[in-house]
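# Report on the structure
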Amino acid sequence: MNPDKKFLNDLFEGLKTNEDRFGYPSCPCRPATGIFEEDRDIICPCDYRDQDIIDFGACYCSLYVDKKTYDSGKTKPIPERRPPEKIFQESTTKIMDVNKSDVKETRKLWYCKQCGYTVFREDPPYVCPICRAKKEFFANVVISTQVESN
Amino acid sequence: MIFIILYNLGISKSNLINGENLMVIVKVEGERKSHKVFLYTLSTCGWCKKTKELLNQSRVEYEYIDVDLLKADERKAALDEIHNRKAPLGFPVIIIDDTVVITGYVPEKIKEAIGL
């Protein structure tokens, strides 16, 4: 969490405002539409948090920071990772439908070997949000289906 | 002393009375008026708050729109405007003298552009 208490408190207020406004705590630093399906990726903790923490040591809002950033006591803004078409919402659903068949699914099912928490995404979380286990505790679940004929 | 004045821009009075299509621009008056400073912000965003604080402390006069408080169509118009300015994504968007566009809370860049 951000080491600056006032900044952190402002972000909590922002999350609370969005929860009251939309029914879910969407990212205080991004414009939400109020349509759940369109905002799903920016409900805190957002889909972009883990990669941002790996690359920049903090999430987009600087709500979540890694230990190194926390100890330094300093945070700064980072670039936006969320795709532009998501932000500008030019009939997002349509764009997604068109691309669906072209895009190869790169997400996998990961489960925490310590507590069983499961996520479907490209990489495992940098730390398990439930039991705080490290990334290495996550294993990839491979599902295969066999059809047996008599 | 900062005076906050609410007013509408380019929108007819009837719309104002009906409370429709009212894009609320907030003006914060300050002593430094040498540059026209305009911000697109989110009322919930920590970085936007920091930017406003910086301008307040420096007594810079500026105007801003809290994009998240707008109605859907106005929000789209505001986002389109940001998009048209080829500004990198994110908030706040700081527009100085209609030419310099800064995205994000970068105090050095903001100070340099305003000449603080």
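Residues numbered from 1 in each chain as written. Chains lettered and ligands numbered in written order. Predicted model: local features only at pLDDT ≥ 70, side-chain atom pairs only at ≥ 80, totals over all residues. Heavy atoms only, no water.

Turning our eyes to something else, we now look at the overall build of chain B. For chain B, the count of helices and strands is four helices and six strands. Across chain B, helices and strands are ordered from the amino to the carboxyl terminus as β-α-β-β-α-β-α-β-β-α. Accessible surface, chain B as shown: approximately 6,100 Å² in total, 54% of it carbon and sulfur. (Helix = DSSP H or I, 4+ residues; strand = E, 2+ residues; numbered from the N terminus. Areas by Shrake-Rupley, 256 points an atom, 1.4 Å probe, with all protein chains shown as cover.)

Running from N to C, helix H1 (residues 5–22) of chain A and helix H2 (residues 46–57) of chain B cross one another at 125 degrees; their axes reach a closest spacing of 9 Å. As judged from the angle between their axes, H1(A) and H2(B) are oblique. Residues A:Lys6, A:Phe7, A:Asp10 and A:Leu11 of H1(A) pack against B:Gly46, B:Trp47, B:Lys49, B:Lys50 and B:Glu53 of H2(B). (Axes fitted to C-alpha atoms, helices over the stretch in contact; angles between N-to-C directions. Parallel < 35°, antiparallel > 145°, perpendicular 65-115°, else oblique. Contact = heavy atoms within 4.5 Å.)

Residue and element names in this part refer to chain A. In total, this model carries three cavities of 30 Å³ or more according to the counting rule given. Size it by volume and the largest cavity reaches roughly 100 Å³. If you go around the largest cavity, the residues you meet are Cys27, Pro28, Arg30, Cys44, Pro45, Cys46, Arg49, Cys59, Tyr60, Cys61, Leu63 and Tyr64. Here the lining of the largest cavity is built from residues that sort into ten nonpolar, no polar and two charged. (1 Å grid on protein atoms, 1.4 Å probe; cavity = no way out; pocket = protein on both sides within 12 Å on 5 of 7 lines; lining within 4 Å. Points joined across faces, edges and corners; volume = space filled by probe spheres on them. Nonpolar A, V, L, I, M, F, W, Y, C, P; charged D, E, K, R; others polar.)

Estimates place the volume of the second largest pocket at around 250 Å³. A:Ile78, A:Pro79, B:Leu89, B:Thr103 and B:Gly104 are the residues nearest the centre of the second largest pocket, which is lined by 17 residues in total. The residue inventory of the lining of the second largest pocket, partitioned by class, reads twelve nonpolar, three polar and two charged.

Core analysis: the largest hydrophobic core is formed by 49 residues, its most contacted members being A:Cys29, A:Leu63, B:Val37, B:Tyr40, B:Leu55, B:Val67 and B:Phe91. Taken together, the elements giving at least two residues each to this core come down to H1 of chain A together with strand S2 (25–28), strand S3 (32–41), H2, strand S4 (60–66), helix H3 (72–84), strand S5 (93–96) and helix H4 (107–114) of chain B. Residues within four places of A:Leu63 in sequence aside, it is in contact with A:Met1, A:Asn2, A:Leu8, A:Leu11, A:Phe12, A:Leu15 and A:Cys44. Counting residues in hydrophobic clusters, the runner-up holds six residues, among them A:Trp110, A:Cys128, A:Ala133 and A:Phe138. (Core = buried A, V, L, I, M, F, W, Y, C linked by side-chain atoms within 4.5 Å. Buried < 20%, exposed > 50% of the residue type's maximum accessible area, 1.4 Å probe, protein only.)

What follows concerns the confidence of the model for chain A. Averaged over every residue, the pLDDT of chain A is 83; residues scoring 70 or more account for 89%. Here residues 91–98 of chain A scores under 50 on pLDDT; set against residues more than four positions off or in separate chains, the count is three contacts. (pLDDT = per-residue confidence, 0-100.)

All names here are of chain A. Applying the stated rule across the entire model yields seven aromatic pairs over all chains. Aromatic side chains Tyr24 and Phe36 sit 5.5 Å apart centroid to centroid with 70 degrees between the ring planes, which places their arrangement in the edge-to-face category. Remark: Phe36 occurs in helix H2 (residues 36–39) and Tyr24 occurs in the loop between H1 and H2; sequence separation between them is twelve residues. Tyr24 gets classed as buried once you look at its relative accessible area, which sits at 8%. (Phe/Tyr/Trp six-rings, centres within 6.5 Å; stacked < 30°, edge-to-face > 60°.)

Each partner contributes residues to the interface: chain A has 27 residues there, and chain B has 18 residues. Roughly 1,900 Å² of surface becomes buried between chain A and chain B when both sides are summed, with 64% attributable to carbon and sulfur atoms. Across the contact surface, chain A and chain B share three salt bridges. Note that B:Glu53 is salt-bridged to A:Lys6, the shortest N-O span being 3.1 Å. Viewed at the interface, chain B and chain A are joined by six residue pairs in polar contact (both at pLDDT 80 or more). Counting only elements with at least two residues in the side of chain A that touches chain B, the list comes to H1 and helix H5 (84–88) of chain A. Here the element with the most residues in the side of chain A that touches chain B is H1(A); it accounts for eight residues. Residue composition of the side of chain A that touches chain B, grouped by class: twelve nonpolar, six polar and nine charged. (Buried area = accessible area lost by both parts, 1.4 Å probe. Salt bridge = Lys/Arg side-chain N within 4 Å of Asp/Glu carboxyl O. Polar contact = N/O pair within 3.5 Å; in protein donor to acceptor, adjacent residues only side chain to side chain.)

On to the pairing of strand S1 (residues 108–112) of chain A. Residues and elements named next belong to chain A. Across four bridges, S1 lies against strand S2 (residues 118–121) in antiparallel orientation. The residue bridging Lys108 from the neighbouring strand is Arg121, located in S2. If you look at the hairpin formed by S1 and S2, you'll find five residues sitting between the two strands, and Gly116 has a positive phi there, around 90 degrees. As paired strands, S1 and strand S3 (residues 138–141) are joined by four bridges and run antiparallel to one another. Bridge pairing in S3 places Leu109 opposite Val141. (Pairing = 2+ DSSP bridges.)

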